[in-house]
Amino acid sequence: MTRDPSADSRINAEDIRRRKGGVPIVCLTAYTYPVARLLDPHVDLLLVGDSVAMVLHGHATTLGASLEMMIAHGQAVMRGSAKACVVVDMPAGSYETSPAQAAASARRIAEETGCQAVKLEGGVDMAAQIAAIVAEGIPVMGHIGLQPQSVEKDGGYKIKGRTQENIAALFRDAEAVEKAGAFSVVIEGTMEAVAAKLTHHISIPTIGIGASADCDGQILVIDDMVGITVDRVPKFVKEYADLRSVIADAAARYAAEVRSRAFPSPDHVFTTASGKDET
């Protein structure tokens, strides 16, 4: 399923765990084979995020992701990567009901994609699910702070760590995820000082997104990072490229050449029967 299935050539969950306090862990999302091919040499971890429901499928929230959707994109990313640790998000509805449901869904994802780990959202409330998946021999990445799957319940995307009560809850969540056996945890949309303290408080790596530079690693949605997002770009995103303009310009030039019959030119058509047809 992968381009290079050699176990010792690919970063695994335990490798990520050992990076605590070391060189920051580089993470990006990926949903497709060509993007995975391009990112794989540069990152430590590729997350097949349920953000795919919004980024590629046009849903308003991540709640549009299904188990089948995550497996299909996970398979594509695994085909395109050879080095990075590939983690697949567990979509809403695939694990919350019970530890048994969580373990069954994680087994299906791991078996059908060959990924190195799964990720799920929640802290104290999902500790039993994390433990059940880990007991199956499947590594788990946790996710606390702002949890996109809870956006409807929370009444929107609300930054965490603004009150003492919420800060205490975040620490309980981080401790629960660690104790349940997760190898790392994403901290999203959390006040910088709180995310930094959480990072120093627990012994597993923290991966920040809208959190703190003190986290053990960072992750961004690839479409946000390369400037292809067509809707609102979150405050915490730094755009390292402007592919919106590049794509729009290319489409405009193509359209103009088609309408003027400048494309296809002689260089882009087959003109001899004797030549070898090569596309």
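Residues numbered from 1 in each chain as written. Predicted model: local features only at pLDDT ≥ 70, side-chain atom pairs only at ≥ 80, totals over all residues. Heavy atoms only, no water.

Looking at an unreviewed UniProt entry, the protein chain carries the name 3-methyl-2-oxobutanoate hydroxymethyltransferase, with the source organism given as Mesorhizobium montanum. The Function (unreviewed entry) comment attached to the protein chain in UniProt states, word for word, "Catalyzes the reversible reaction in which hydroxymethyl group from 5,10-methylenetetrahydrofolate is transferred onto alpha-ketoisovalerate to form ketopantoate." In its Catalytic activity (unreviewed entry) section, the UniProt entry covering the protein chain states "(6R)-5,10-methylene-5,6,7,8-tetrahydrofolate + 3-methyl-2-oxobutanoate + H2O = 2-dehydropantoate + (6S)-5,6,7,8-tetrahydrofolate". (UniProt positions renumbered as here; feature names shortened; annotations may be inferred.)

J.: I would appreciate a short explanation of the sheet that holds strand 6 (residues 184-188) in the present structure.
T.: Strands in a sheet are paired, the pairing made by backbone hydrogen bonds, and the direction either parallel or antiparallel. Reading around the barrel, the eight strands line up as 1-2-3-4-5-6-7-8 and close back on themselves, with parallel pairing between neighbours. Within this sheet the neighbouring strands show an average axis-to-axis angle of 25°, counted without direction. Relative to strand 4 (residues 117-119), strand 3 (residues 85-89) is paired through three bridges, and the arrangement is parallel. Within strand 4, the position partnered with Val88 by the bridge is Val118. (Pairing = 2+ DSSP bridges. Helix = DSSP H or I, 4+ residues; strand = E, 2+ residues; numbered from the N terminus. Axes fitted to C-alpha atoms, helices over the stretch in contact; angles between N-to-C directions.)

J.: What is the right way to look at the confidence of the model for the protein chain in this model?
T.: For any part of a model where pLDDT is low, the fine detail of the predicted coordinates should not be relied upon. For the protein chain, the mean per-residue pLDDT works out to 94, and 95% of the residues sit at or above 70. Between residues 1-6, whose pLDDT stays under 50, and residues either more than four places distant or in other chains, the model counts 20 contacts. (pLDDT = per-residue confidence, 0-100. Contact = heavy atoms within 4.5 Å.)

J.: Quick question: what am I supposed to make of the side chain of Thr229 here?
T.: Residue placement: Thr229 occurs in the loop between helix 10 (222-225) and helix 11 (243-259). Look at Thr229 and you get buried, because its relative accessible area is 15%. Among the polar contacts made by the side chain of Thr229, one reaches the side chain of Asp224 at a distance of 2.4 Å. Filtering out sequence-adjacent residues up to four positions away, Thr229 remains in contact with Asp223, Asp224 and Arg244. (Buried < 20%, exposed > 50% of the residue type's maximum accessible area, 1.4 Å probe, protein only. Polar contact = N/O pair within 3.5 Å; in protein donor to acceptor, adjacent residues only side chain to side chain.)

J.: So what exactly am I meant to see when it comes to the pairing of strand 5 (residues 140-145) here?
T.: Residues in a regular strand project their side chains so that they alternate between the two faces of the sheet. Buried residues dominate strand 5, accounting for six of its six residues. Note that strand 4 and strand 5 share two bridges and pair parallel. The partner of Lys119 across the bridge, within strand 5, is Met141. Assessed by its sense of winding, the connection that carries the chain from strand 4 through helix 6 (residues 127-135) to strand 5 is right-handed. (Right-handed = clockwise from strand over helix to strand, strands pointing away.)

J.: When you look at the side chain of His143 in this model, what are you seeing that I'm missing?
T.: Along the chain, the position of His143 falls in strand 5. In this structure the side chain of His143 is engaged in a polar contact, spanning 3.2 Å, whose partner is the backbone oxygen of Leu146. Not counting chain neighbours up to four residues away, the residues in contact with His143 comprise Lys119, Leu120, Glu121, Gly122, Pro148, Val185, Val186 and Glu188.

J.: How do you make sense of the UniProt feature "binding site: 3-methyl-2-oxobutanoate" (unreviewed entry) in the protein chain when you look at a structure like this?
T.: UniProt's feature table lists "binding site: 3-methyl-2-oxobutanoate" (unreviewed entry) at Asp50, Ser51, Asp89 and Lys119, given in the numbering used throughout. These annotated residues cover 70 residues of sequence, and their C-alpha atoms all fall within 12.5 Å of one another, placing them together at a single site. Along the chain, Asp50 turns up in the loop between strand 2 (45-48) and helix 3 (52-55). Given the relative accessible area of 5%, Asp50 is considered buried.

J.: Could you clarify how one ought to interpret the UniProt feature "binding site: Mg(2+)" (unreviewed entry) in the protein chain in this entry?
T.: If you check UniProt for "binding site: Mg(2+)" (unreviewed entry), the listed places come out as Asp50, Asp89 and Glu121 in our numbering. The named residues occupy 72 residues along the chain; their greatest pairwise C-alpha distance, 10.9 Å, places them in one compact cluster. Excluding anything up to four places from it in sequence, Asp50 contacts Thr62, Ala65, Met70, Asp89, Glu121 and Gln149. Here Asp89 lies in strand 3. Given the relative accessible area of 3%, Asp89 is considered buried.

J.: Looking at this structure, how should I read unusual backbone geometry?
T.: Peptide bonds are, in most cases, trans, and in most cases residues other than glycine have a negative phi. The step from Phe263 to Pro264 runs through a cis peptide bond, and the omega angle for that step is 0°. Of note in this structure, Arg261 is not a glycine but carries a positive phi near 65°. In this structure, Arg261 sits in the segment after helix 11.

J.: I'm lost on the nonpolar core in this one. Help?
T.: The tendency in soluble globular proteins is for nonpolar side chains to be buried side by side. With 59 residues, the main nonpolar core has Leu46, Met90, Ile109, Val118, Leu120, Ile133 and Leu198 as its most contacted residues. With seven residues, the top contributor of residues to this core is helix 8 (residues 164-180). Residues in contact with Leu120, not counting those within four places in the same chain, are Met90, Tyr95, Met126, Gln129, Ile130, Ile133, Val140, Met141, Gly142 and His143. (Core = buried A, V, L, I, M, F, W, Y, C linked by side-chain atoms within 4.5 Å.)

J.: What am I meant to see in a nonpolar patch on the surface here?
T.: A surface patch of nonpolar side chains, about 310 Å² in accessible area, is lined by Met54, Val55, Leu56 and Tyr157. Relative to the assigned elements, Met54 resides in helix 3. Owing to a relative accessible area of 31%, Met54 belongs among the partly exposed residues under this scheme. (Patch = residues over 30% accessible without salt bridge, like charges linked within 9 Å, V, L, I, M, F, W, Y side chains within 5 Å. Areas by Shrake-Rupley, 256 points an atom, 1.4 Å probe, with all protein chains shown as cover. Salt bridge = Lys/Arg side-chain N within 4 Å of Asp/Glu carboxyl O.)

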